[in-house]
Amino acid sequence: KQWYQRRVRGSTNMLCQALLLVGLFACASAGGAQYYVYATTADKHEAGTDSDIYIRIHGMKGVTAWFEMDLSGTNDFTRGDTDYYTFWRNEEVGEILCVEMHTGGSDALLVYKIKVKSSFTSWVDIYNTKGQWLSRDRDEGITQDKWCVDECAKDLPLTQGAWQLDSNKFDLPKAEITTLDPWIIESHEMNATDSTEDIETEYYASGYSHQRMTFTKTDGAPISGSLPFSTSPADVVDGAAVVDDSVTKDFTMGAQFVEVKAQNEWYACRAPAGKKVRCSARMDRVHIKVPFVQVWKRGSCMWFVNGFFERTGDGDLYQHIEEI
């Protein structure tokens, strides 16, 4: 089944691999990456295996599909030997953090080390530090295990409840502020051009102001599922970006936070004698986009998440009067 899936996925992938081997181009336009793996079997009694062995690679951008580690015409995974594999995957996972290995049989395997890189990264050495055997026979080992560059990487991706937000910093000097067209809630015209006296009326304006805020991740540690956190948002005050330290709000990474406030007021609209005016009840609107850096912690482990915070906010209801 695994062989069939690789062949079905892969007419383009196989072409990429061939072109990579002759050095024509790096297949970057295909949206994946070439991976290179040296697998060293432990130099211990019965450490080798004849079982089907699969690998997938975890990185800062995600995880690859499984690859069957099988060298045609070669008895790979023998005691103390190092075997070399190269393969194309449609997933480019960025900086490599972990490898995950799976066995399809009960002939136990003990891996000592995996040395791995992609066409976009440098080599990293990943060790089976706990000496975990792989086997479908529960008396000999476990079916699948994950080994990482360090223990902190093993706990990734960031998940709800497992990791806590330690700090959130906005790069305020790089904030982009855009003034949007105001919301017009009510508009009335008063015409006193033919009058020797002022003309005045009263009207009631009612509406809702909205604050729409989103934290969007662009780089850093991988995230799985919804990731809630509490922090103070950025805002615009007197045309400048600031942090509103007076409040703390509950956000979820990548999801829009919406705050709604009812606003209503009675206004007097007066046209001076000989004049025509338009009175409008409105809310000014502004959009801010500012980079952020977050630090997430779990015990002694720490990871960074980078991205952009965006906020589109409506101001308080007020009356604007203009002569027309």
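Notes on the structure follow. (Residues numbered from 1 in each chain as written. Predicted model: local features only at pLDDT ≥ 70, side-chain atom pairs only at ≥ 80, totals over all residues. Heavy atoms only, no water.)

### Considering the overall build of the chain
The test is simple: Strands here are runs of E lasting at least two residues and helices are runs of H or I lasting at least four, both read from the DSSP assignment and numbered beginning at the N terminus. We compute the radius of gyration from the C-alpha atoms alone; for a globule the expected value is 2.2 Å times N to the 0.38, where N is the number of residues. Buried means the residue's accessible area, taken with a 1.4 Å probe over protein chains only, is under 20% of the maximum for its type, while exposed means over 50%, and partly exposed covers the values in between. Note on areas: these come from Shrake-Rupley sampling with a 1.4 Å probe, and a residue is covered only by the protein chains present in the view.
Counting its secondary structure elements, the chain contains 3 helices and 20 strands. Taking 20 Å as the expected radius of gyration for a compact globule of 324 residues, we find that the chain reaches 31 Å, considerably beyond that expectation. Projected onto the principal axes, the alpha-carbon positions of the chain cover approximately 110 × 45 × 35 Å. A buried classification covers 41% of the 324 residues belonging to the chain. Here the chain displays about 17300 Å² of accessible surface, and carbon together with sulfur accounts for 46% of that area.

### Focus: the state of the cysteines
Under the convention used in this document: Whenever a pair of cysteine sulfur atoms sits within 2.5 Å, that pair is classed as a disulfide.
Counted under the stated rule, the structure contains 3 disulfides. Covalently, Cys-98 is tied to Cys-148 through a disulfide, its sulfur atoms 2.1 Å apart. Around the S-S axis, the bridge from Cys-98 to Cys-148 shows a dihedral of about 105 degrees and counts as right-handed. Placement of the pair is Cys-98 in strand β6 (residues 96-103) and Cys-148 in strand β9 (residues 144-148), with a sequence separation of 50 residues. Taking relative accessible area as the criterion, Cys-98 reaches 1% and is therefore assigned buried. Given a relative accessible area of 11%, Cys-148 falls into the buried group. Between Cys-269 and Cys-279 runs a disulfide, and the two sulfur atoms are separated by 1.9 Å. Between Cys-269 and Cys-279, the disulfide has an S-S torsion of 80 degrees and is therefore right-handed. With Cys-269 in strand β17 (residues 257-271) and Cys-279 in strand β18 (residues 276-298), this pair connects stretches of sequence that are 10 residues apart.

### A word on the nonpolar core
Inclusion rule: We call a set of buried residues a nonpolar core when its members are Ala, Val, Leu, Ile, Met, Phe, Trp, Tyr or Cys and they connect through side-chain atoms within 4.5 Å of each other. The criterion used for residue contact is that any of the two residues' heavy atoms lie within 4.5 Å.
Grouped together as the largest cluster of nonpolar side chains are 29 residues, with contacts concentrated most on Leu-158, Phe-215, Trp-303 and Phe-309. Dropping the residues within four chain positions of it, Trp-303 is found in contact with Met-60, Leu-97, Cys-152, Ala-153, Leu-156, Trp-163, Ala-221, Gln-294, Val-295 and Trp-296. Listed in part, the 23 residues of the second largest apolar core include Tyr-35, Val-99, Val-111 and Val-116.

### Regarding the pattern of salt bridges
Note the following rule: Between Lys or Arg on one side and Asp or Glu on the other, a salt bridge is scored when a side-chain nitrogen of the former is within 4 Å of a carboxyl oxygen of the latter.
All told, the structure shown has 16 salt bridges when counted by the stated rule. Two residues, Asp-198 and Arg-270, come together in a salt bridge whose shortest N-O distance is 2.6 Å. With Asp-198 in the loop between β11 (176-191) and β12 (199-220) and Arg-270 in strand β17, the pair connects residues that are 72 residues apart, well separated along the chain. On the basis of relative accessibility, which here comes to 42%, the residue Asp-198 falls in the partly exposed class. Residue classification places Arg-270 among the partly exposed residues on the basis of a relative accessible area of 41%. One salt bridge connects Asp-316 with Lys-261, and the closest N-O pair in it is separated by 3.8 Å. Remark: Lys-261 occurs in strand β17 and Asp-316 occurs in the loop between β19 (301-314) and β20 (318-323); sequence separation between them is 55 residues. By relative accessible area, which is 53% here, Asp-316 ends up exposed. A cluster of three or more residues bridged by salt bridges with shared partners is formed by Glu-189, Lys-276, Arg-278 and Glu-322.

Honestly, it's all geometry; don't read function into it.
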